[in-house]
Amino acid sequence: MNETRKFESGHELRPNGLGDFDLYCTDGQRIGFVPYMIATTVRPGSVCNGCGQPVGEMVTATAD
C-alpha cells in the first residue's frame, strides 16, 4: 500500500505515510483522505468529491 495510484483523469491517490491515502484532484490540490480499506474501490465510475468529474481507469501504480 505504499504506491501512488494515478487515474486517466489526472486524479491521484498518494500514500500519506500513515497507511492511508490523500486524494489529489486534477489541479494537484489535496482534496481529501481515502482510508486504505476503500482505496481499491476507486473505480472508473467513481466521481471526485472535489470537482465532480469521473476519475476514470487507474493508469499506473508506482512505489514511492
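In the block above lies the structure referred to throughout.
Quick caveat: nothing in here was measured; it's all calculated off a predicted structure. (Residues numbered from 1 in each chain as written. Predicted model: local features only at pLDDT ≥ 70, side-chain atom pairs only at ≥ 80, totals over all residues. Heavy atoms only, no water.)

Caption draft 1: Fine view of the overall build of the protein. A count of helical and extended segments in the protein gives one helix and five strands. The N-to-C order of helical and strand elements in the protein reads β-β-β-β-α-β. In terms of overall size, the protein behaves like a compact globule, its C-alpha atoms giving a radius of gyration of 10 Å where 64 residues would be expected to give roughly 11 Å. C-alpha atoms of the protein, sized along the principal axes, occupy 25 × 20 × 20 Å. A burial count over the protein gives 28% of its 64 residues as buried. The long-range share in the protein, meaning contacts at least 24 apart out of those at least 6 apart in sequence, stands at 37%. (Helix = DSSP H or I, 4+ residues; strand = E, 2+ residues; numbered from the N terminus. Rg over C-alpha atoms; globule rule 2.2 N^0.38 Å. Buried < 20%, exposed > 50% of the residue type's maximum accessible area, 1.4 Å probe, protein only. Contact = heavy atoms within 4.5 Å.)

Caption draft 2: Seen up close, the pairing of strand 2 (residues 12-15). Of the strand pairs in this sheet, strand 1 (residues 3-7) and strand 2 are connected by two bridges, and their pairing is antiparallel. The residue of strand 2 that forms the bridge with Arg5 is Leu13. Linking two consecutive strands that pair antiparallel, namely strand 1 and strand 2, is a turn of four residues; a positive phi of about 105° is found at Gly10 within it. As paired elements, strand 2 and strand 3 (residues 21-24) share four bridges and run antiparallel to each other. Across the sheet, the residue bridging to Leu13 is Leu23, located in strand 3. A loop of five residues connects strand 2 with strand 3, the two strands running antiparallel in sequence, and Gly17 in this loop sits at a positive phi of about 85°. (Pairing = 2+ DSSP bridges.)

Honestly, it's all geometry; don't read function into it.
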